Structures are given as C-alpha cells and as structure tokens.
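Here is what each chain is made of, one letter per residue.
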Amino acid sequence: MSTNGYAHPETLVSTEWLADHLGDGRLRIVDVDEDTEAYDKSHIPSSVGWNWTTDLHTEVGRDYLDRAALERLLGAAGLEDDTTVVLYGGNNNWFAAYAYWILRLRGFDRVKLLDGGRKKWELESRPMTQEVMDYQHTHVTIAGPERPEIRALRGEVLAKAGTDVGMVDVRSPEEFRGEKLAPPHLPQEQAQVPGHIPGAANIPWAQAANDDGTFKSAAELRTLYEGKGITSDREVIAYCRIGERSSHTWFALTELLGYPEVKNYDGSWTEYGSLVGAPVEVG
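Residues numbered from 1 in each chain as written. Predicted model: local features only at pLDDT ≥ 70, side-chain atom pairs only at ≥ 80, totals over all residues. Heavy atoms only, no water.

- With an unreviewed UniProt entry as reference, the protein chain is termed Sulfurtransferase, source organism Kitasatospora atroaurantiaca.
- You can read under Catalytic activity (unreviewed entry) in the UniProt record for the protein chain the words "thiosulfate + hydrogen cyanide = thiocyanate + sulfite + 2 H(+)". (UniProt positions renumbered as here; feature names shortened; annotations may be inferred.)

Notes on helix α5 (residues 90–105)
- Here α5 contains 16 residues, and its C-alpha end-to-end distance of 22 Å stays within 8% of the 22 Å for a straight helix at 1.5 Å per residue.
- Helix geometry: α5 is bent most strongly at A97, by close to 25 degrees.
- The buried count for α5 comes to 15 of 16 residues, which makes it a mostly enclosed element.
- Phi for G107, located one or two positions after α5, is positive at around 100 degrees. (Helix = DSSP H or I, 4+ residues; strand = E, 2+ residues; numbered from the N terminus. Expected span 1.5 Å × (residues − 1). Bend = angle between axes of the 7 residues up to and from the residue. Buried < 20%, exposed > 50% of the residue type's maximum accessible area, 1.4 Å probe, protein only.)

Notes on the nonpolar core
- Core analysis: the largest hydrophobic core is formed by 59 residues, its most contacted members being V32, W50, L56, L74, L87 and Y225.
- Looking at this core, the elements with two or more residues in it are β2 (27–33), β3 (48–51), α4 (67–76), β4 (84–88), α5, β5 (111–114), α9 (218–226) and α10 (244–256).
- By residue number, the principal contributor to this core is α5, which donates 11 residues.
- Three or more residues apiece are contributed to this core by two domains, here domain 1 (9–146) and domain 2 (149–273).
- Setting aside anything within four residues of it in sequence, one finds L56 in contact with V32, W50, N51, D63, Y64, L65, L70, L73, A99 and I102. (Core = buried A, V, L, I, M, F, W, Y, C linked by side-chain atoms within 4.5 Å. Domains from an automatic or database assignment. Contact = heavy atoms within 4.5 Å.)

The following block contains the structure:
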C-alpha cells in the first residue's frame, strides 16, 4: 500500500485493506457521524454505529466523555486488549476524524482512519449491510496518557489571537468572510456574530482531500499549508464551526505531515463568535 510520503502512514487504512480484513476479529469498525441515520440505512459489515452527538458527549454541558465513560463506550463495542479500532463516516470522515482526535485526546492509540471513508467505500461498490452487530460487552482500560496538548481551549485561543501562532480557519470562504454562519446542509448551530479570528489563514478542510474522499499526498498537503504560512516550525491551532472539520485538518497536519505542535480548537466559532469582547475580523 502506498504511503504517499506520510509521516505516520500507519494511521490510515485503505478500502482495499479493510475489505481484505473484514473477518478479522482483532478489528472493530466504527461508523461515526453526527447521528446514526446513514448507519441505520447501511454500513460496512460488522461495524457498530456511534452517534457523535449522543455517544461521545457528556449528557450535560458541552464537553466529551471522560476516560472512564469512553472506556465504557469502547467496552460496549466488544473491544479486547489487542483490538484495533477503524473509524469511518460521511462527509469525507468529518466526524470520524473528530472521534479519532477524541480517542487520542483520552489516550487511546489503537485507532486508525479509513482513507476516503464511506464515500470511497460506496464509490467502489463494496459490501454494505443493515445488520446491527451486538457484541458482548467487555472491560476496556485505556493505557496511554491523556493528551491535553492536542486541544486548545478558549483562554489560550484568545491569548494567541493575532500572534505568530498559526491559526487555521478550515471553514468555507463564505463562513470565513462572515457571509454565512454554518454550511447550509447542517443544523444551524450558530455563533452570535460572523467572521474569523484575527490573523487566521483560511484553508478550507476540503482542499486536503481528493475527489474520492481520500487525503492528498504529503507533497500536495505540504504545498497547500506552507503556501498559506502554516509551517511545521510554528505552533498551529485549527478551528471550524464545532470542531469536526478542524479535526480533519488536525489529522492531516499531525499524522500525515508530522507537524509537532498542532491543536484542535473544538469550541471553534460557535464558542469564539459568542464571546463578549473577543477580537473578530470579517472580509
């Protein structure tokens, strides 16, 4: 399998590879999206479905499952000590990349992303099913340390806005300029004001993907980001509207290009654009 010059090619699996390993009991395939509507219609055989909104978030407040709750979610999927999780989803893996980032944030490392996600799998007419798997629950212990260093919170973002930190706004140009508050096909979870963080470079997440949903090569990605001043010698903070598209960019910069200091600002514009007194630019 081609590595495309990636720094960590082992973090991706191809559709061909996954098709050849569908019967591997050491894998657990997880379909992740903002809800399970697509999963309910059809999904990759043996996969389980995670609803990003209800499965990965706390019941009260805006935050993610803590480590103990995430261990229970993984246990509900029947993981063993040697099980590797392969994540995929729609929109070129928006929410699958988000789940990948959350797992790494909480210290779970046996995780990979299906390159191209649902889109490429369906384009190739690979097998789909409506059968819902019911795996025996297991006890999972996450062994790795939590990684708060890959997450940016609002205080840090406010302190670093307009500095030499590489802020990457991965939303559409219309959102960046302040003409829209959200992509038209998604629920309009909106900030109070439109615009972007001062000094941010607008590099829409989709520019990192090919037409079939796979990631572009390392050389293409490097040209894309370095061309906008986002280089590996800078601290980088990526953001979007709620953190899913910026997780895709975080993955590209961290796992594929090997940038050493990249953070995902999951509060993103719904939080930042509602802060009183926060500096904002439009246009």
